[in-house]
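# Summary of the model geometry
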Amino acid sequence: MKGRIIKGVGGFYIVRPSNEKKEVMSKARGVFKKEGLTPLVGDYVEWDMLQDNTGIITDIYDRKNSFIRPSVSNIDILLIVMAFDRPLYDMRLLDKLIVTAEQALTDPVIIFNKMDLEKPGDRETINSIYKDLYPLYFVKGLTGEGIEEVRKTIKGKTSALTGQSGVGNSTILNRIFKEEKAETGIISHKSKRGKHTTRHVEIFLYDEDTEILDTPGFSSFETSMEDGHRLSDYFIDINRLQKDCRFRDCKHVNEPGCRVIEAVKEGDLSESRYSSYLEQLKERELFEKERFK
Ligand SMILES: Nc1nc2c(ncn2[C@@H]2O[C@H](COP(=O)(O)OP(=O)(O)OP(=O)(O)O)[C@@H](O)[C@H]2O)c(=O)[nH]1
Ligand SMILES: [Mg+2]
Ligand SMILES: [Zn+2]
């Protein structure tokens, strides 16, 4: 039978059979471990019912994509959540999450939450960097303001919420559903961070063809490094410009005739995005060095 893994808890996987609303507690066949394959929430699987009414996953269908963190698969949209404050938004982190989405061929959608904590100038800055790059929404999870636009964007798609602990991933999920589906936490007074309330990835079925995944917020984040592409391919603004660089393998750091550097000087490429690019480039080069030591 065909089904989908909608949640994983302590070695078990909850499988939702196709065309049925029920949930079956399942184990994975031992052979997956041997093959180094870990079932992920989001996987489409082949499964059988055992005599004790638990399930056994026998096969995993090819994935459209998969992520290490959040560890999910078969996602159409990555809903990247930042908060205006508590915790304070971070463009370096946002650009990393965007690269992660681009690597997995998933559409990034940016959500700025906690509009009530917005400071003068915040929105201008955010708009000036991202408005022309990706869908960008400003919301208030507390009241549901701005959520209708998000609801329209995710219709008919599988979307995963991701962001630092405490930005309001689960709150936004609840506002989308207009129902308290997921548990939400509090913000630590001292650190202004979340308390890791969401512990597991879970798929929530919004309607027949719309799914939303809540994922545990994180406190730090690293992009995966192993892939053959150039980092600049995943920065859509830099990617657009780099064909006009003098050298085909231009890294856009200090090369003569670099269109990207020129664009920063002329104000055609945001300094913030370019800083993120340089920072990630450095991290990658460090990683490569370590690997071949
Ligand atoms: N001021 C303000 N607080 C909000 C808003 N939206 C959510 N919060 C609060 O932020 C806190 C954390 O919300 P959660 O939804 O649990 O955060 P999360 O991102 O799911 O965090 P983890 O599950 O720990 O990863 C809660 O106290 C929410 O009430 C908002 O629009 N404004
Ligand atoms: Mg949560
Ligand atoms: Zn260049």
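In short, a report on the structure. (Residues numbered from 1 in each chain as written. Chains lettered and ligands numbered in written order. Predicted model: local features only at pLDDT ≥ 70, side-chain atom pairs only at ≥ 80, totals over all residues. Heavy atoms only, no water.)

Those protein atoms acting as donors to the magnesium ion (ligand 2) are Ser-170 (OG) and Thr-198 (OG1), and they sit at 2.0 to 2.1 Å. You can see Ser-170 sitting in helix H5 (residues 169-177) and its partner Thr-198 sitting in the loop between H5 and strand E10 (202-207), a full 28 residues away along the chain. (Donors = N, O, S within 2.8 Å, 3.2 Å for Na, K, Ca; no water. Helix = DSSP H or I, 4+ residues; strand = E, 2+ residues; numbered from the N terminus.)

With that settled, consider the pattern of salt bridges. Counting across every chain of the model gives 22 salt bridges. A salt bridge links Glu-20 to Lys-22; its shortest N-O distance comes to 3.5 Å. We note a salt bridge from Lys-96 to Glu-283, for which the minimum N-O separation is 3.3 Å. Taken together, the residues span a long stretch of sequence, with Lys-96 in helix H2 (residues 91-103) and Glu-283 in helix H8 (residues 271-291) at a distance of 187 residues. In the salt-bridge network here, residues are joined through shared partners; they are Arg-259, Glu-262, Glu-266 and Asp-268. (Salt bridge = Lys/Arg side-chain N within 4 Å of Asp/Glu carboxyl O.)

Attention now moves to the coordination of the zinc ion (ligand 3). Surrounding the zinc ion (ligand 3) are the protein donor atoms Cys-245 (SG), Cys-250 (SG), His-252 (ND1) and Cys-258 (SG), at 2.1 to 2.4 Å. In this structure, the zinc ion (ligand 3) is surrounded by four donor atoms whose angles at the metal cover 102 to 117°, and the resulting shape is tetrahedral. Mapped onto the sequence, the residues coordinating the zinc ion (ligand 3) show the spacing C-x4-C-x1-H-x5-C. Judged by relative accessible area, which is 8%, Cys-245 ranks as buried. (Tetrahedral: all angles 85-135°; square planar, octahedral: opposite > 155°, others 65-115°. Buried < 20%, exposed > 50% of the residue type's maximum accessible area, 1.4 Å probe, protein only.)

To continue, consider the site of ligand 1. The immediate surroundings of ligand 1 are formed by 24 residues, with Ser-165, Thr-171, Gly-185, Thr-198 and Gly-217 found nearest. Within the backbone of Gly-166, a nitrogen or oxygen atom sits 2.9 Å from an oxygen atom of ligand 1. Note that an oxygen atom of ligand 1 is positioned 2.8 Å from one of the side-chain N or O atoms of Thr-198. Within the complex, 89% of the 660 Å² of free accessible area of ligand 1 lies under protein. Of all the elements, H5 adds the most residues to the shell around ligand 1, at three residues. (Near = heavy atom within 4 Å. Polar contact = N/O pair within 3.5 Å; in protein donor to acceptor, adjacent residues only side chain to side chain. Areas by Shrake-Rupley, 256 points an atom, 1.4 Å probe, with all protein chains shown as cover.)

A separate point is the packing of aromatic side chains. Centre-to-centre distance and the angle between the planes together describe a pair of aromatic rings. For the structure shown, the criterion picks out eight aromatic pairs. On the numbers, 6.1 Å between centres and 40° between planes, the contact of Phe-112 with Phe-138 is tilted. Placement of the pair is Phe-112 in strand E7 (residues 107-113) and Phe-138 in strand E8 (residues 136-138), with a sequence separation of 26 residues. Between the aromatic rings of Phe-177 and Tyr-206, the centroid separation amounts to 5.3 Å while the plane-to-plane angle is 75°, which identifies the pairing as edge-to-face. Note that Phe-177 is positioned in helix H5 and Tyr-206 in strand E10, a separation of 29 residues in sequence. Through pairs of rings, three or more aromatic residues link up here, namely Phe-84, Tyr-89, Phe-112 and Phe-138. Between the NZ or CZ atom of Lys-2 and the centre of the ring of Tyr-61, over which it lies, the distance is 5.0 Å. It is Lys-27 that lies over the ring of Phe-12; its NZ or CZ is 4.8 Å from the centre. (Phe/Tyr/Trp six-rings, centres within 6.5 Å; stacked < 30°, edge-to-face > 60°. Lys NZ or Arg CZ within 6 Å of the ring centre and 35° of its normal.)

Another point: unusual backbone geometry. Omega for the peptide link from Arg-69 to Pro-70 comes to -5°, which places this bond in the cis form. Relative to the helices and strands, Pro-70 resides in the loop between strand E5 (55-60) and strand E6 (77-83). A cis amide bond links Arg-86 to the next residue, Pro-87, at an omega of -5°. Located in the positive-phi region is Asn-53, a residue other than glycine, with phi close to 70°. Relative to the assigned elements, Asn-53 resides in the loop between strand E4 (44-49) and E5. You will see that His-252, though not glycine, has its phi angle at about 65°, which is positive.

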